[in-house]
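The primary structure of each chain is shown beneath.
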Amino acid sequence: MLITRRSDYAMRIIRVLRDYKVHNVREICDREDIPKAFAYKILRELEMSGLVRSERGNRGGYQMNKSLDELTLYDIVSITEGDVAILHCMKNACNKNTSDMPCKVHKEIARIQKILTDELRKKSIAEIMDQNALAE
């Protein structure tokens, strides 16, 4: 898994939308320094996943559709990257890692993959972004 700019931009978008208000794309892009073309694509992905919803019209834009208490970095990366496997052989059964000849490298990568996945799921976005900071 490679956490790309796409995931970074998605996290920045969530940072703007964390107040659950409607924000237009221009505002999101200006506040988080995201190119509009990227923002539209990522917002579409986030909308299709049910994370955000769009409002049409003059006062339209995007807003959170899911509680930040239920959302983790793992969720965002999964949506934007599609796969969180750090090595290709972690995605499917590895033909080099059989019960007759177990691959020690595969076993170690699987251990690291589990740690990474667990860490990405450990805290909610609300915890990471410290929702109390919104009251300030």
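Residues numbered from 1 in each chain as written. Predicted model: local features only at pLDDT ≥ 70, side-chain atom pairs only at ≥ 80, totals over all residues. Heavy atoms only, no water.

Along the polypeptide, Lys41 turns up in helix H3 (residues 36-48). Along the primary structure Lys41 and Ala10 are separated by 31 residues, whereas in three dimensions their C-alpha atoms are 9.9 Å apart. (Helix = DSSP H or I, 4+ residues; strand = E, 2+ residues; numbered from the N terminus.)

Turning to the pairing of strand S2 (residues 61-64), a few remarks are in order. Two elements, strand S1 (residues 52-55) and S2, share four bridges in a ladder whose sense is antiparallel. Within S2, the position partnered with Val52 by the bridge is Met64. What sits between the antiparallel neighbours S1 and S2 is a turn of five residues, in which Gly57 has the positive phi angle 110°. (Pairing = 2+ DSSP bridges.)

As a further point, take the nonpolar core. With 24 residues, the main nonpolar core has Ile13, Ile14, Leu17, Leu43, Val52, Met64 and Leu71 as its most contacted residues. Mapped by element, the contributors of at least two residues to this core are helix H1 (5-17), helix H2 (25-32), H3, S2 and helix H7 (125-129). At six residues, H1 tops the list of elements feeding residues into this core. Sequence-distant contacts of Ile13, that is, excluding residues within four places in its chain, are made with Ile28, Ile34, Ala39, Ile42, Leu43 and Leu46. (Core = buried A, V, L, I, M, F, W, Y, C linked by side-chain atoms within 4.5 Å. Buried < 20%, exposed > 50% of the residue type's maximum accessible area, 1.4 Å probe, protein only. Contact = heavy atoms within 4.5 Å.)

Tallied over the entire structure, the rule returns nine salt bridges. One salt bridge connects Arg15 with Glu32, and the closest N-O pair in it is separated by 2.5 Å. Within this pair, whereas Arg15 is found in helix H1, its partner Glu32 is found in helix H2, the two being separated by 17 residues in sequence. For Arg15, a relative accessible area of 38% corresponds to the partly exposed category. In this structure, the salt-bridge partner of Lys122 is Glu119, at a minimum N-O distance of 3.3 Å. One end of the pair is Lys122 and the other is Glu119, both in helix H6 (residues 104-122) and three residues apart, which spans about a single turn. Assessed through its relative accessible area of 57%, Lys122 is described here as exposed. On the accessibility criterion, Glu119 (45% relative accessible area) is partly exposed. (Salt bridge = Lys/Arg side-chain N within 4 Å of Asp/Glu carboxyl O.)

On to the packing of aromatic side chains. The final tally for this structure, using the stated rule, is one aromatic pair. Between Tyr9 and Phe38, the ring centres sit 5.1 Å apart and the planes meet at 75°, which makes this aromatic pair edge-to-face. Of this pair, Tyr9 sits in helix H1 while Phe38 sits in helix H3; the two residues are 29 residues apart in sequence, bridging distant segments of the chain. Lying across the ring of Tyr74, Arg121 places its NZ or CZ 3.8 Å from the centre. (Phe/Tyr/Trp six-rings, centres within 6.5 Å; stacked < 30°, edge-to-face > 60°. Lys NZ or Arg CZ within 6 Å of the ring centre and 35° of its normal.)

Following both chains from N to C, one finds H2 and H3 inclined at 115°, their axes separated by 10 Å at the closest point. Our pair here, H2 against H3, has a crossing hand that is right-handed. Where H2 approaches H3, its residues Val25, Arg26, Ile28 and Cys29 are matched on the opposing element by Lys36, Ala39, Tyr40 and Leu43. (Axes fitted to C-alpha atoms, helices over the stretch in contact; angles between N-to-C directions. Left-handed = near helix turned anticlockwise from the far one by under 90°.)

A few words now on the packing of H1 against H2. One way to put it is that H1 packs onto H2 with a least axis distance of 10 Å and a crossing angle of 110°. In this view, H1 runs roughly perpendicular relative to H2, as classed from their interaxial angle. Note on packing geometry: the crossing formed by H1 with H2 is right-handed. Contact with H1, carried on its side by Arg12, Ile13, Arg15, Val16 and Leu17, involves Ile28, Arg31 and Glu32 of H2 and no other residues of that element. In terms of residue class, the contact of H1 with H2 is made up of four nonpolar, no polar and four charged. (Parallel < 35°, antiparallel > 145°, perpendicular 65-115°, else oblique. Nonpolar A, V, L, I, M, F, W, Y, C, P; charged D, E, K, R; others polar.)

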